[in-house]
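# Chain and residue survey
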Protein chains: 2
Amino acid sequence: MKGLLNKNPVLAGLFLLFFSGSLLATPLASWNEGASKNAIMEFVRKVTTPGGADYVDPAARVAVFDNDGTLWGEYPVYFQVFFIIDRIKQLAPENPEWKTREPFASVLKGDLKTALAGGEKALLEMVAATHAGMTTDEFDALVSDWITTARHPTTQRPFTEMVYQPMLELLDYLRENGFKTFIVSGGGVAFMRPWAESVYGIPPEQVVGSRIKTEFQMRDGQPVILRKGEIDFIDDKAGKPIGIHVGIGRRPIMAFGNSDGDLQMLQWTTAGNSGGFAAIIHHTDGEREAAYDRESHIGRLDKALDEAKERAWTLVDMKKDWKVIHPPKP
Amino acid sequence: MKGLLNKNPVLAGLFLLFFSGSLLATPLASWNEGASKNAIMEFVRKVTTPGGADYVDPAARVAVFDNDGTLWGEYPVYFQVFFIIDRIKQLAPENPEWKTREPFASVLKGDLKTALAGGEKALLEMVAATHAGMTTDEFDALVSDWITTARHPTTQRPFTEMVYQPMLELLDYLRENGFKTFIVSGGGVAFMRPWAESVYGIPPEQVVGSRIKTEFQMRDGQPVILRKGEIDFIDDKAGKPIGIHVGIGRRPIMAFGNSDGDLQMLQWTTAGNSGGFAAIIHHTDGEREAAYDRESHIGRLDKALDEAKERAWTLVDMKKDWKVIHPPKP
């Protein structure tokens, strides 16, 4: 065989093409064999087998994914918070009063813990100060710039490389099986859309998230959409099924989350006789990533962990189920 | 040739297949030759020509369509009003006080004009009484039942046959050219989604519209989404670019409307150097459909008509440009 290939470069090329293609196409290559991988593949087989009792038309193959802690990391804090911090530092010269005004003063001193101790009120104040007061196009550009230059504080990798390799493979696998993949995240929809397509293959129209109010205006004869400093919708907890209802308009048949913020989305996906599939990514790998659940200040997984066990949802154990966590460095 | 085909049934079959296929594939067959058809086809040629200066990546080929008066009729009144009327009649026995309470009393007497004279307040009251107080699944079922049985008052055809044949062909033509087609309508999103996929080939997740508030609840251990009697969002006028921003997340490159309610959507699509295409369906055919514009109580087309002329948007003249209005009876 080897001799034949050496003598026939066309055949050798075809051979390479075929085998590299096959390797690429191995579904869920970064998932270890086990219950989680089996459950996912068995569900997909079931809903894609024509004539089978559980067959689902491709149009209805909707899969929804939480983002923070499910598709990319959220440790030591939601990545959007780093965007907020960088924006506050950038805007500080124009806002000298921030030096003595919380939560901005603490952010500028590098004391994130005190800044975030102000709870939701402090966070919303920071969102309003950093995410509003510009047009949608201007905000798009800010996020697009930031995402290419910012680095994760401990790994020093771009945040777009802090995604989970097994989940990237899962997105591909589902799409190859006729699924439409959506993000349904508590994070800002306008923060995710500029990069979700290149990083996850998920186009803007398939991203559902939290949002601030916006307003259409004519400015010098040109229409703009202005971002205002007021929350319009929080796509978290009981907001997630609402976000799905408004933004997608049909019940997903698969849902992936990692925290109590995803509980209602998982309930909605598996309600009644829907036959839907729910999975929770359990952060169990303190060595390769982070280990946290019931007591965590980010991505708390408590009620949803109980319900996952009661209802036999798939519990993905990052340590046991994933061969690698992040994609290799490019 | 004829002799050959007669003698060779396989060849004859292939011949038929090829030519019937070609006929079906004739784009915009119900559009007369002229400026409107040319403008549409020239724009599509331009954005789909690889390497051309105006080439647009398929992912960004977003086309948005108003519904009432653009994809289906709106004469003598928005079709969703007939749904409201039928619901009021159906619910009247449970609401005896409606006999003497406006706007319900007038609806029950068949006096739509007086009922609608109450303006937006009366309409919202009717929407709350007929569109809320049930789960999203229950409302879906109500609409799905109604749409198959209700008939247009003058043509006696199902409302789903009161769609515009040339626009159905346009939707197909754009999709064949890699476009994603969206509805962006002032009508209720939950009223359109149950039938938009079978009638227009537009899936629920590509329908943007007005909506009432909804709430996630657990009911007997099962999650439901409840429809509440309060407006959440009106997808009309300056609301349309907001609906597009929130629901689609990128600027369309083509937009079709028919009234002043669509003006801002057309402005947004053609803003600045976007190179976007805007068209207005002008109801000019009093014989085959209805003729109305500046003075109409439905689908008023006044400011947008002026702006279309100033900005050289495509003005589709239903009487001149369309060979037929509605699809043939099945």
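Computed from a predicted structure; not experimentally measured. (Residues numbered from 1 in each chain as written. Chains lettered and ligands numbered in written order. Predicted model: local features only at pLDDT ≥ 70, side-chain atom pairs only at ≥ 80, totals over all residues.)

### Observations concerning the interface of chain A and chain B
Taken together, the contact pairs 28 residues of chain A with 28 residues of chain B. Residue assignment for the side of chain A that touches chain B shows that the elements contributing at least two residues are helix 10 (189-200), strand 3 (207-219), strand 4 (222-233), helix 11 (239-247) and helix 12 (263-269) of chain A. Sort the elements by how many residues they give to the side of chain A that touches chain B and helix 11 of chain A lands first, with five residues. Considered class by class, the residues forming the side of chain A that touches chain B number 14 nonpolar, nine polar and five charged. (Contact = placed C-beta atoms within 7 Å. Helix = DSSP H or I, 4+ residues; strand = E, 2+ residues; numbered from the N terminus. Nonpolar A, V, L, I, M, F, W, Y, C, P; charged D, E, K, R; others polar.)

### Focus on the packing of helix 4 (residues 79-91) of chain A against helix 7 (residues 119-131) of chain A
Residue and element names in this part refer to chain A. Direction vectors running N to C along helix 4 and helix 7 enclose 60°, while the axes themselves pass 9 Å from each other. Compared by their axis directions, helix 4 and helix 7 come out oblique. Relative to helix 7, the crossing made by helix 4 is left-handed. Contacts between helix 4 and helix 7 involve Ile 84, Arg 87, Ile 88 and Leu 91 from the first element and Met 126, Val 127, Ala 129 and Thr 130 from the second. Among the residues forming the contact of helix 4 with helix 7, the class breakdown is six nonpolar, one polar and one charged. (Axes fitted to C-alpha atoms, helices over the stretch in contact; angles between N-to-C directions. Parallel < 35°, antiparallel > 145°, perpendicular 65-115°, else oblique. Left-handed = near helix turned anticlockwise from the far one by under 90°.)

### Side note on helix 9 (residues 165-176) of chain B
Residue and element names in this part refer to chain B. In this model helix 9 runs 17 Å from its N-terminal to its C-terminal C-alpha over twelve residues, within 8% of the 16 Å that 1.5 Å per residue would give. Regarding helix 9, the residues found buried are Pro 166, Met 167, Leu 170, Leu 171 and Leu 174. For helix 9, the arc enclosing every buried residue in end-on projection is 145°, short of the 170-degree limit, so these residues lie on one face. Of the surrounding elements, those touching the buried residues of helix 9 are strand 1 (62-65), strand 2 (180-188) and helix 10 (189-200). The positive-phi residue at the C-terminal boundary of helix 9 is Gly 178, with phi of around 85°. (Expected span 1.5 Å × (residues − 1). Buried ≥ 20, exposed ≤ 12 C-beta atoms within 10 Å, placed from the backbone. Arc of directions from axis to C-beta.)

### Things to note about the pairing of strand 7 (residues 314-317) of chain B
All names here are of chain B. In terms of strand pairing, strand 6 (residues 277-282) meets strand 7 through four bridges, oriented parallel. Of the residues in strand 7, the one forming a bridge with Ile 281 is Val 316. Handedness of the crossover joining strand 6 and strand 7 through helix 13 (residues 303-310): right-handed. (Pairing = 2+ DSSP bridges. Right-handed = clockwise from strand over helix to strand, strands pointing away.)

### Overview of unusual backbone geometry
Residue Tyr75(A) is joined to Pro76(A) through a cis peptide bond whose omega torsion reads 5°. Here the residue pair Glu102(B) and Pro103(B) is connected by a cis peptide bond, since its omega of 0° sits within 30 degrees of zero. Along the chain, the position of Pro103(B) falls in the loop between helix 4 (79-91) and helix 5 (104-108). The phi angle at Lys237(B) is positive, at roughly 50°, despite the residue not being glycine. Here the phi dihedral of Ala312(B) falls at roughly 55°; this positive angle occurs in a residue that is not glycine. Among the structural elements, Ala312(B) can be located in the loop between helix 13 and strand 7.

### Considerations on the sheet that holds strand 4 (residues 222-233) of chain B
All names here are of chain B. The strand order across the open sheet built from seven strands is 4-3-2-1-5-6-7, with neighbouring strands paired in mixed fashion. Of all strands in the sheet, those with a lone pairing partner are strand 4 and strand 7, marking the two edges. With strand direction ignored, the average angle separating the axes of adjacent strands in the sheet is 30°. Each of strand 2 and strand 3 (207-219) touches helix 10; the most contacted strand, strand 3, lies at about 100° to it.

### Quick look at the relation of the copies chain A and chain B
If you rotate chain A by 180° and push it 0.0 Å along the axis, it lands on chain B with an RMSD of 0.0 Å. Seen this way, the second copy is the image of the first under a two-fold rotation axis. Of every C-alpha in chain A, the one belonging to Gly247(A) sits nearest the axis of rotation, 3.1 Å from it. Interface residue correspondence from chain A to chain B reaches 100%, placing this contact among same-surface, isologous pairings. (Least-squares fit on C-alpha atoms with pLDDT ≥ 70 in both.)

### Describing the domain arrangement of chain A
All names here are of chain A. Each domain of chain A was delimited in the assignment, giving domain 1 (32-76 + 158-321) and domain 2 (80-139). At the interface, 13 residues of domain 1 touch twelve residues of domain 2. The set of elements that each furnish at least two residues to the side of domain 1 that touches domain 2 consists of strand 2 (180-188), helix 10, strand 3 and strand 4. Looking at the side of domain 1 that touches domain 2, the element that brings in the most residues is strand 4, giving seven residues. The residue inventory of the side of domain 1 that touches domain 2, partitioned by class, reads seven nonpolar, four polar and two charged. (Domains from an automatic or database assignment.)

### Digging into the confidence of the model for chain A
All names here are of chain A. In the predicted model, chain A carries a mean pLDDT of 93, and the fraction of residues at 70 or more is 92%. Considering only residues more than four positions removed or in separate chains, one finds that residues 1-5, a stretch of pLDDT under 50, has four contacts. Every residue in residues 19-23 scores below 50 in pLDDT, and together they form zero contacts with partners more than four places removed in sequence or on other chains. Among the prediction metrics, the complex's ipTM stands at 0.92, with pTM recorded as 0.92. (pLDDT = per-residue confidence, 0-100.)

### Describing the environment of Ala117(B)
Residues and elements named next belong to chain B. On the secondary structure map, Ala 117 appears in helix 6 (residues 112-117). Overall, Ala 117 belongs to the exposed group, with 12 C-beta atoms counted inside 10 Å. C-alpha separation for the pair Ala 117 and Pro 103, spaced 14 residues apart in sequence, amounts to 8.6 Å.

### Quick look at the nonpolar core
Grouped together as the largest cluster of nonpolar side chains are 66 residues, with contacts concentrated most on Val64(B), Phe182(B), Ile183(B) and Ile280(B). If one sorts the elements of this core by residue count, helix 10 of chain B sits on top with six residues. Residue contributions to this core reach at least three from each of two domains, namely domain 1 (30-75 + 140-321) and domain 2 (80-134) of chain B. If sequence neighbours within four positions are ignored, Phe182(B) has contacts with Val62(B), Ala63(B), Val64(B), Phe65(B), Ile202(B), Gln206(B), Val208(B) and Ile248(B). Formed by 65 residues, the second largest nonpolar core is a distinct cluster that contains Val143(A), Phe159(A), Leu266(A) and Ala278(A). (Core = buried A, V, L, I, M, F, W, Y, C linked by C-beta atoms within 7 Å.)

### So, the environment of Ser106(A)
Tracing the backbone through its elements, the reader meets Ser106(A) in helix 5 (residues 104-108). Measuring from C-alpha to C-alpha, the distance between Ser106(A) and Leu116(A) comes to 8.9 Å, with ten residues separating the pair along the chain.

### Description of the packing of helix 8 (residues 136-149) of chain B against helix 10 of chain B
All names here are of chain B. Two numbers describe how helix 8 lies on helix 10: the axes approach to 9 Å, and their chain directions differ by 60°. Taken together, the axes of helix 8 and helix 10 lie oblique to each other. Our pair here, helix 8 against helix 10, has a crossing hand that is right-handed. Between helix 8 and helix 10, the contacting residues are Thr 136, Phe 139, Asp 140, Val 143, Ser 144 and Ile 147 on the first element and Ala 190, Phe 191, Pro 194 and Trp 195 on the second. Of the residues assigned to the contact of helix 8 with helix 10, the class counts are seven nonpolar, two polar and one charged.

### A closer look at the sheet that holds strand 1 (residues 62-65) of chain A
All names here are of chain A. If you walk across this open sheet you meet the seven strands as 4-3-2-1-5-6-7, and the pairing is mixed. Unpaired on one side and paired on the other, strand 4 and strand 7 (314-317) mark the two borders of the sheet. In this sheet, adjacent strand axes meet at a mean angle of 30° when their direction is disregarded. Bridge analysis of strand 5 (residues 254-257) against strand 6 (residues 277-282) gives four bridges, and the strand direction is parallel.

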